[in-house]
Amino acid sequence: MSTWRTRIEPFTRPLFFAWSRLTRGMTLGVRAVAVDDEGRVLLVKHTYLAGWWLPGGGVDKGETTQAAVVRELHEEAGLIARGAPRLVSIHSNERFFPGDHVVVFRIDAFDSGERTSHGEIAEIGWFSPSDLPDDAHRSTRARLAEMFDGVQIDTNW
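Residues numbered from 1 in each chain as written. Predicted model: local features only at pLDDT ≥ 70, side-chain atom pairs only at ≥ 80, totals over all residues. Heavy atoms only, no water.

Asks: Can you explain the overall build of the protein chain? Please cite residues and give values.
Replies: Secondary structure assignment for the protein chain yields three helices and nine strands. The helix and strand sequence of the protein chain, counted from the amino end, reads α-β-β-β-β-α-β-β-β-β-β-α. With the C-alpha coordinates of the protein chain rotated into their principal frame, the extents come out at 40 × 30 × 30 Å. Here the contacts in the protein chain between residues at least 6 apart in sequence split such that 69% fall between residues at least 24 apart. Summed over all atoms, the accessible surface of the protein chain reaches about 8,600 Å², with 55% contributed by carbon and sulfur. (Helix = DSSP H or I, 4+ residues; strand = E, 2+ residues; numbered from the N terminus. Contact = heavy atoms within 4.5 Å. Areas by Shrake-Rupley, 256 points an atom, 1.4 Å probe, with all protein chains shown as cover.)

Asks: Tell me about the nonpolar core, and please be specific about residues and values.
Replies: If you look at the biggest cluster of nonpolar residues, it comprises 15 residues, and the most contacted ones within it are Val-30, Ala-34, Leu-42, Val-69, Leu-73, Leu-79 and Ile-107. Of all elements in the fold, only strand E1 (27-34), helix H2 (65-77), strand E5 (79-81) and strand E7 (100-107) reach the threshold of two or more residues within this core. Ranked by residues supplied to this core, first place goes to H2 with four residues. For Ala-34, the residues in contact, after removing those within four places along its chain, are Arg-40, Val-41, Leu-42, Leu-73, Leu-79, Ile-107, Phe-110 and Trp-126. Counting residues in each nonpolar core, the second largest holds 14 residues, with Val-33, Val-35, Val-102 and Met-147 among its members. (Core = buried A, V, L, I, M, F, W, Y, C linked by side-chain atoms within 4.5 Å. Buried < 20%, exposed > 50% of the residue type's maximum accessible area, 1.4 Å probe, protein only.)

Asks: Give a detailed account of the sheet that holds E1, specifying residues and quantitative values.
Replies: Pairing in this open sheet of four strands is mixed, and the strands run E4-E1-E7-E6 from one edge to the other. In the strand order of this sheet, the two ends are held by strand E4 (56-58) and strand E6 (86-92), each with one partner. The average undirected angle you get between the axes of adjacent strands in this sheet is 20 degrees. Two elements, E6 and E7, share six bridges in a ladder whose sense is antiparallel. (Pairing = 2+ DSSP bridges. Axes fitted to C-alpha atoms, helices over the stretch in contact; angles between N-to-C directions.)

Asks: Quick one: what's the story with a nonpolar patch on the surface, residue by residue and with numbers?
Replies: Taken together, the side chains of Trp-4, Ile-8 and Phe-11 define a hydrophobic patch exposed on the protein surface, amounting to about 370 Å² of accessible area. Its location among the elements puts Trp-4 in helix H1 (residues 4-23). (Patch = residues over 30% accessible without salt bridge, like charges linked within 9 Å, V, L, I, M, F, W, Y side chains within 5 Å. Salt bridge = Lys/Arg side-chain N within 4 Å of Asp/Glu carboxyl O.)

Asks: Describe the confidence of the model for the protein chain, with residues and values.
Replies: Across the protein chain, pLDDT averages 91, with 92% of residues at or above 70. Mean pLDDT values for the elements of the protein chain range from 70 in H1 up to 98 in strand E3 (residues 52-53). (pLDDT = per-residue confidence, 0-100.)

Asks: Describe the environment of Ala-68, naming the residues involved and giving the relevant values.
Replies: Within the fold, Ala-68 resides in helix H2. Considering only alpha carbons, one finds Ala-68 and Gly-57, 11 residues apart in sequence, at a separation of 7.8 Å. Sequence-distant contacts of Ala-68, that is, excluding residues within four places in its chain, are made with Val-30, Gly-58, Val-59 and Glu-63.

Asks: Pulling in residues and values, what's your account of the packing of aromatic side chains?
Replies: The full count for this structure, using the stated rule, is two aromatic pairs. Seen from their ring centres, Trp-52 and Phe-127 are 4.9 Å apart, and the 70 degrees between their planes marks the pair as edge-to-face. Of this pair, Trp-52 sits in strand E3 while Phe-127 sits in strand E9 (residues 121-127), placing them 75 residues apart in sequence. Residue classification places Trp-52 among the buried positions, given a relative accessible area of 5%. Using a relative accessible area of 18% as the deciding quantity, one classes Phe-127 as buried. (Phe/Tyr/Trp six-rings, centres within 6.5 Å; stacked < 30°, edge-to-face > 60°.)

See the structure below:
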C-alpha cells in the first residue's frame, strides 16, 4: 500500500535525521516484542515505511526505555502492559543512523485498549514467529530469530 507518507518519506526522513543530529549527540529507540497466549508476536505496518516491524519508537527526553516501550506499544497497537517489560537486547544502529541505539523488550502480559496514535500505523497483525509475512523487515526477522530460534544476538541492528 502506497500512501502520501510513503512517497514523501525518502525526502522528509533526512531532514528529521539532520534535526535529530543537531539537537542530540546520540539517539535511543525501543522496540517491543509483544507475545500473546498463542505464542504469536505483534507486528505493525507504518504509513511511512515499507514492511512489517516490531512496534516501537524514540525515547523522549526524561523518559526511561521501559516507559518508552510501554508508551509506544499503547500508542501504536492499543496494548497496555500489565507488568514491567523484560530487557532482551541492545543494538547499535550505526549503519542506518550514526549514534543511534535500539533497545528491545519483551512483553507477555497486556490488556487490549484503544490506540492513541492515529495516522502512523496502517496495519496491525499477529504472526507466528516461524511464519512471518514475506515483507517483514530484516531487523524484525533478526530480532525474532534471536528470541525464538536461539540465534546469537547481533549487537548491530
